[in-house]
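Tertiary structure, described
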Amino acid sequence: MNSNKIIYYITTGLFSLVILFSAGMYLFNHEMVKTVFTKLGYPTYIIYPYAAAKLLGLFAIWNPRFNVIKEWAYSAFFFAVTLAFFAHIMVSDGEQYAALVALVALVASYIYSKRV
């Protein structure tokens, strides 16, 4: 396996772990997420659909047959993680670092997915 594949799998795996943790929090710690969404001014009814969208996006990124959908998933995750970064800064809950790690891993994953 060449170094491009290794970097791609590591960055995609790291990004996937952050997103899976986030979706898990949305599904299994709903009350805490609901409080944060309320502080941010977001509607709380989008928590479960957003968790499902994150899981579907990860499926699209890992599936090699969905090239067009993979591009859309990377784009959607870019905007979601960027907005999450600034939302966590506004709430001052310290979670902006996880969003920053996710953003760096996402960009690296996207770049190396083109090389693989």
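Residues numbered from 1 in each chain as written. Predicted model: local features only at pLDDT ≥ 70, side-chain atom pairs only at ≥ 80, totals over all residues. Heavy atoms only, no water.

1. What to know about the packing of helix 4 (residues 67-91) against helix 5 (residues 96-115)
Filter applied, for reference: Axis lines are fitted to C-alpha atoms, over the contacting stretch for helices. Their N-to-C directions set the angle, which ranges from 0 to 180 degrees. Each helix is a run of H or I in the DSSP string that is no shorter than four residues. Each strand is a run of E no shorter than two, and both are numbered from the N terminus. Our angle categories are set so that under 35 degrees counts as roughly parallel, over 145 as roughly antiparallel, 65 to 115 as roughly perpendicular, and the remainder as oblique. Put simply, a crossing is left-handed when the front helix is turned counterclockwise from the back one by less than a right angle, and right-handed when it is turned clockwise. Contacts are assigned to residue pairs that have any heavy atoms within 4.5 Å of one another. Only Asp, Glu, Lys and Arg are considered charged in this grouping, and only Ala, Val, Leu, Ile, Met, Phe, Trp, Tyr, Cys and Pro are considered nonpolar; every other residue, Gly among them, is considered polar.
With their axes 8 Å apart at the nearest point, helix 4 and helix 5 run at an angle of 160° to one another. Looking at the two axes, helix 4 sits roughly antiparallel to helix 5. Like other packed secondary-structure pairs, helix 4 and helix 5 cross with a definite hand, here left-handed. For the pair helix 4 and helix 5, the contacting residues are Glu71, Tyr74, Phe77, Phe78, Val81, Thr82, Ala84, Phe85, His88 and Ile89 in the first and Gln96, Ala99, Leu100, Ala102, Leu103, Leu106, Ser109, Tyr110, Ser113 and Lys114 in the second. Along the lines of polarity and charge, the residues of the contact of helix 4 with helix 5 split into 13 nonpolar, five polar and two charged.

2. Side note on the nonpolar core
Defined as follows: Note on terminology: a nonpolar core comprises buried Ala, Val, Leu, Ile, Met, Phe, Trp, Tyr and Cys residues joined through side-chain atoms within 4.5 Å. Here the term buried applies to any residue with accessible area under 20% of the maximum for its type, exposed to any over 50%, and partly exposed to those in between, with areas from a 1.4 Å probe on protein chains only.
Within the largest apolar cluster, 17 residues are counted, with the highest numbers of intra-cluster contacts made by Phe15, Ile61, Phe77 and Val81. Among the elements of the structure, helix 1 (3-28), helix 3 (47-62), helix 4 and helix 5 are those that each provide at least two residues to this core. The leading source of residues in this core is helix 5, at six residues. Contacts of Phe15, omitting those with residues within four sequence positions, involve Leu58, Ile61, Phe77, Val81, Ala102, Ala105 and Leu106. Among the nonpolar cores identified, the runner-up in size contains six residues, and Tyr26, Val33, Phe37 and Ile47 belong to it.

3. Some details on the confidence of the model for the protein
Rules: What pLDDT conveys is the predictor's confidence in a given residue, as a value from 0 to 100.
In this model, the protein carries an average pLDDT of 94, and 100% of its residues clear a pLDDT of 70 or more. Taken element by element, the protein is modelled with least confidence in helix 2 (residues 30-40), mean pLDDT 90, and with most confidence in helix 3, mean pLDDT 97.

4. Quick word on the packing of aromatic side chains
Formally: Any pair of Phe, Tyr and Trp rings, taking the six-membered ring for Trp, is counted once the centres come within 6.5 Å. Such a pair is stacked with planes under 30 degrees apart, edge-to-face with planes over 60 apart, and tilted for the rest.
All chains considered together, the criterion is met by ten aromatic pairs. Residues Tyr26 and Tyr50 carry aromatic rings whose centres are separated by 5.6 Å and whose planes lie at 35° to one another, so their mutual orientation is tilted. Residue Tyr26 is located in helix 1, and its partner Tyr50 is located in helix 3; the two are separated by 24 residues in the primary sequence. When its relative accessible area of 12% is taken as the criterion, Tyr26 is described as buried. Relative accessible area serves as the criterion here: at 28%, Tyr50 is assigned to the partly exposed category. Here the aromatic rings of Phe85 and Phe86 are separated by 5.1 Å at their centres, their planes lie at 75°, and the arrangement is edge-to-face. Classification of Phe85 as buried rests on a relative accessible area of 19%. Following the ring pairs from residue to residue traces out a cluster consisting of Tyr26, Phe37, Tyr42 and Tyr50.

5. Some words on the environment of Tyr9
Relative to the elements of secondary structure, Tyr9 occurs in helix 1. The spatial distance from the C-alpha of Tyr9 to the C-alpha of Ile69 is 19 Å, given a sequence separation of 60 residues.

6. Examining a nonpolar patch on the surface
Formally: Grouping into patches uses exposed residues only, defined as over 30% relative accessible area, and leaves out salt-bridged ones; the cut-off is 9 Å for like charges and 5 Å for nonpolar side chains (Val, Leu, Ile, Met, Phe, Trp, Tyr). Using the Shrake-Rupley algorithm and a 1.4 Å probe, accessible areas are obtained, with residue cover drawn only from the displayed protein chains. By definition here, a salt bridge exists when the distance from a side-chain nitrogen of Lys or Arg to a carboxyl oxygen of Asp or Glu is within 4 Å.
There is a patch of nonpolar side chains on the surface, built from Leu17, Leu20, Leu27, Phe28, Tyr48 and Leu55 and spanning about 640 Å² of accessible area. For the nonpolar patch, the secondary-structure elements that each account for two or more residues are helix 1 and helix 3. The leading source of residues in the nonpolar patch is helix 1, at four residues. Mapping Phe28 onto the fold places it in helix 1. Classification of Phe28 by relative accessible area gives exposed; the value is 75%.

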